[in-house]
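Tertiary structure, described
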Amino acid sequence: MARGILLSLPLLYFTLCISRFFSVATAQSPENDQCKPRANLPDVGECIVESADDLSVDDSPAILETFQRCSSNSVIRFLPTNYTVHTPISLIGLQNVHVLFYGNFLLPDSISQVQSAINSTQNPPSTYATPWIYIQGSDVTIEGSTQFEYGRFYGFGEQWWHSGTRTLRPQLATFNVTNGFLSNLKVIKPIAWGWNLPGQNIRVENHFVDAKPENATRDDTQSFPFNTDGFNVSGQNITIDGYQGDNGDDCVSVINGARDVVAQNGFCGFSSHGLSIGSLGRNGAEHTVQNILFKNWTMEGAVYGARFKSWTGGRGLAQNITWEDITLVNVSTGIFVTQNYYDQDKGPRPDNTNQTSTNIRTFTFKNIVGSLGTNWTDGSCISNPCWNYVPGLDEPKAVILDLYPGTASDISLQEINIHPFNQASQPANVLCDPAALAPKEQEVLGFQCANGPFQAAVVGARSSSSTCRSGNHISLFGLGTLVAASVCSLVLLF
């Protein structure tokens, strides 16, 4: 029997769009309105992907066949059952496709099988790894089930964590789409990195990640879920709205090429490595990131709350970045900025022979409050010194500014209230070298740059070059969509 079935359901897509028309979306351009009329949507309805319902049978061929046959102007439905994806898949050339992901994907539960397959796949690699699932096209929606037990991607990652296997690990998925929408997707025990977003005009809603080992704490080096990022974002005009995750690395990592990104309304648990920019500038690369907003997050047990990381000797520019309304619960470092990162397990910090750095311009940290924990690192510390060590780091810190002299301008901390563990009335300590500050930077910094307790200071007038800030987002009502645009690039069309 054919593994994909075509049913007549002409009003399905219209009904789905009507249900979303009255919901509020944010930070997307009008072009990314998933419920705009689709003139080419056929009357023939939807393609159903059937499962073999046999864990020993690979459903990847059936999935590929259905996507190839229904690659444009279609609705593709996964049934509420398990689909074995034992082979990496590439779903490319999609146009005007709405995927109802109401089943579950199961990757192989064999480490050697995954390693062999990922070593031979032709899927395009991402920044950190090769994805098991590669999706490419335009106007693509993947709508996960609202039932918690479906819409899942099972990675069976715990066996990788327990054994300490960190070679030939795949990224779960790359969503390289123009005008895309992801909702209600659940990532369960990923091997390592989750979703890679290199496309443009993409919105993500209600994302869930479970990368927490069942038999270990955040401080245990054995069974630690290394590199379990939730999202790696390198695209343009991306919004992540709604995130619930227990991670062993960044919940959201914004990397080279990213522009106009909003990540908001999330919770990061277990031992997240933060809401992060970077890393940037490895091996002297020239990298750029601009117009990024992280807003309304709770970080519980994280190594970092807000983080920026660039490598020693990097080049390029990170500009107009805001972390705002962040609640910290027992984190290691509340605010962390380094322009001097290096691989500690490969020896001492290399000389910055070119005397270059990824420049920083207009960073805002606003209303970041809460408590530090008792450990300044976590179970990912398996080298000596630890990968996250900086000189003077001997306890959890409220703020660490590890700057390259003269290359960071217009950094401002406002409404910061971070206290040590079980000492709510006491300010936590900071690490900051005033000699590394750019001229007049202390006037806008918002605290006294000196090692010791955090001391707030009046924020002076910021430079004229900082009139474009990611905190300044303007909301516009369009057709069923609330659009937030950076004031730097706002164009109104009526």
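This structure is a prediction, so every number in the text was calculated from the model and none was measured.

**Remarks on the overall build of the protein chain**
Of regular secondary structure, the protein chain possesses 5 helices and 28 strands. If you take every contact in the protein chain between residues at least 6 apart in sequence, the share linking residues at least 24 apart comes to 73%. Total accessible area computed for the protein chain in this model is approximately 19,400 Å², and 51% of it derives from carbon and sulfur atoms.

**Remarks on the layout of surface pockets**
Within this model, the largest pocket holds a volume of roughly 960 Å³. What lines the largest pocket is a set of 34 residues, among which Asn227, Arg282, Lys309, Tyr341 and Asp343 lie closest to the centre. At the level of elements, β17 (275-280) and β19 (304-311) are the ones that each hand at least two residues to the lining of the largest pocket. For the lining of the largest pocket, the per-class residue count stands at 9 nonpolar, 14 polar and 11 charged.

**Looking at empty space enclosed by the protein**
What the rule picks out here adds up to 6 cavities of 30 Å³ or more. Lining the second largest cavity, in full, are Phe67, Phe78, Leu91, Leu94, Val99, Phe101, Phe105, Ile133, Ile135, Ile142, Phe153 and Trp195. Sorting the residues of the lining of the second largest cavity by element identifies β5 (89-101) and β7 (131-144) as the ones contributing at least two each. Taken together, the residues that form the lining of the second largest cavity break down as 12 nonpolar, no polar and no charged.

**Notes on the state of the cysteines**
Scanning the model with the defined rule gives 4 disulfides in all. A sulfur-sulfur separation of 2.0 Å characterises the disulfide bridge that pairs cysteine 47 with cysteine 70. Across the S-S bond of cysteine 47 and cysteine 70 the torsion is about -95 degrees, and the bridge reads as left-handed. Of this pair, cysteine 47 sits in strand β2 (residues 46-49) while cysteine 70 sits in the loop between α2 (60-69) and β3 (72-78), placing them 23 residues apart in sequence. Accessibility assignment for this pair places cysteine 47 and cysteine 70 in one class, buried. Here cysteine 381 connects covalently by a disulfide to cysteine 386, the sulfurs 1.7 Å from one another. In this structure the cystine formed by cysteine 381 and cysteine 386 twists about its S-S bond by roughly -65 degrees; its chirality is therefore left-handed. Across the pair, cysteine 386 and cysteine 381 agree in class, each one buried.

**So, helix α3 (residues 111-120)**
It helps to recall that an α-helix has 3.6 residues per turn; residues three or four apart then point in one direction. When α3 is considered as a whole, its buried residues turn out to be Ile111, Val114, Gln115, Ala117 and Ile118. Of the surrounding secondary structure, the elements contacted by the buried residues of α3 are β7 and α4 (158-163).

**Some points on unusual backbone geometry**
What you tend to see is this: most non-glycine residues have negative phi, and most peptide bonds are trans. In the segment running from glycine 278 into serine 279, the intervening peptide bond is cis, with an omega of 15 degrees. One can find serine 279 in strand β17. Each neighbour pair has its own omega, and for asparagine 384 with proline 385 the value is 5 degrees, a cis peptide bond. Among the structural elements, proline 385 can be located in the loop between β22 (359-372) and β23 (397-402). One non-glycine residue, asparagine 73, lies in positive phi territory at about 50 degrees. For asparagine 73, a relative accessible area of 18% puts it in the buried group. One non-glycine residue with positive phi stands out, namely asparagine 283, at about 55 degrees. Note on placement: asparagine 283 falls in the loop between β17 and β18 (286-300). Judged by its relative accessible area of 76%, asparagine 283 is exposed.

**Regarding the pairing of strand β12 (residues 200-210)**
Of all the 11 residues making up β12, 8 are buried; the element is thus mostly covered by neighbouring parts of the structure. Pairing of strand β9 (residues 171-183) with β12, which is carried by 5 bridges, proceeds in the parallel orientation. Following the sheet pairing, threonine 178 is matched in β12 by glutamine 200. As judged from the 3 bridges shared by strand β10 (residues 186-188) and β12, these two strands associate in the parallel manner. What sits directly across from isoleucine 188, in β12, is aspartate 210. Note: β12 against strand β14 (residues 236-247), 9 bridges, orientation parallel. Its bridge partner lying in β14, glutamine 200 is registered against glutamine 236.

**Description of the environment of phenylalanine 208**
Relative to the helices and strands, phenylalanine 208 is located in strand β12. Taking the C-alpha atoms as reference points, phenylalanine 208 and valine 187, 21 residues apart in sequence, are found 6.1 Å from one another. Leaving out residues up to four positions away in the same chain, phenylalanine 208 has contacts with Phe148, Leu185, Lys186, Val187, Ile188 and Gln244.

**Notes on the pairing of β5**
Relative to β5, β3 is paired through 6 bridges, and the arrangement is parallel. Opposite valine 75, over in β5, you have histidine 98 as the bridge partner. In terms of strand pairing, β5 meets β7 through 10 bridges, oriented parallel. What sits directly across from glutamine 95, in β7, is serine 138.

**Points about the environment of serine 72**
Residue position: serine 72 is located in strand β3. Owing to a relative accessible area of 35%, serine 72 belongs among the partly exposed residues under this scheme. In sequence terms serine 72 and valine 140 are 68 residues apart; their C-alpha atoms lie 9.5 Å from each other. Excluding residues within four positions of it along the chain, serine 72 makes contact with Gln95, Asn96 and Val97.

**Some details on the side chain of serine 272**
Note on placement: serine 272 falls in the loop between β16 (259-270) and β17. Within polar-contact distance, the side chain of serine 272 engages the backbone oxygen of aspartate 249 at 3.5 Å. At 2.8 Å, the side chain of serine 272 and the backbone nitrogen of glycine 274 are in polar contact. If we skip the residues at most four places from it in the chain, serine 272 touches Asn247, Asp249, Asp250, Cys251, Met299, Ala302, Val303 and Tyr304.

**Brief notes about the nonpolar core**
Nonpolar side chains tend toward joint burial in soluble globular proteins. Membership of the largest hydrophobic core comes to 97 residues, with the highest contact counts inside it found for Trp195, Trp323 and Phe365. Every residue in contact with tryptophan 323, bar those within four places of it in the chain, is listed here: Leu275, Ile277, Phe294, Ala306, Arg307, Phe308, Phe363, Thr364, Phe365, Lys366 and Ile368. In this structure, Val303, Phe336, Trp387 and Ile400 belong to the second largest nonpolar core, which totals 13 residues.

What counts, and where the lines are drawn
Residue numbers run consecutively from 1 along every chain, following the written order of its sequence. Owing to the predicted nature of the model, reporting of local features is limited to residues with pLDDT of at least 70; listing and counting of side-chain atom pairs is limited to 80 or more, with chain, interface and lining totals taken over all residues. Calculated side-chain values reflect all of the structure's heavy atoms, with hydrogen atoms and water omitted. Helical segments are the DSSP runs of H or I of at least four residues, strand segments are the runs of E of at least two, and each set is numbered from the N terminus. Should any heavy atoms of two residues lie within 4.5 Å, those residues are counted as being in contact. For every accessible area listed, the method is Shrake-Rupley and the probe measures 1.4 Å; residues are considered covered only by the protein chains on display. Definitions used throughout: a 1 Å grid over protein atoms alone; a cavity as a set of points that fits a 1.4 Å probe which cannot get out; a pocket as an open set with protein on both sides within 12 Å along at least five of seven lines; a lining residue as one with an atom within 4 Å of a point. Grid points are joined across faces, edges and corners, and a volume is the space filled by probe spheres set on the points. Think of it as three bins: nonpolar holds Ala, Val, Leu, Ile, Met, Phe, Trp, Tyr, Cys and Pro, charged holds Asp, Glu, Lys and Arg, and polar takes everything else, Gly as well. When the sulfur atoms of two cysteines come within 2.5 Å, that pair is taken as a disulfide. The buried label applies to any residue whose accessible area, calculated with a 1.4 Å probe on protein chains only, is under 20% of its type's maximum; exposed applies above 50%, and partly exposed to all values in between. Strand pairing requires that DSSP identify at least two bridges connecting the strands. Side-chain atoms alone can form a polar contact between residues adjacent in sequence; in general such a contact is a pair of N or O atoms within 3.5 Å, and within protein one must be able to donate a hydrogen while the other accepts it. Note on terminology: a nonpolar core comprises buried Ala, Val, Leu, Ile, Met, Phe, Trp, Tyr and Cys residues joined through side-chain atoms within 4.5 Å.

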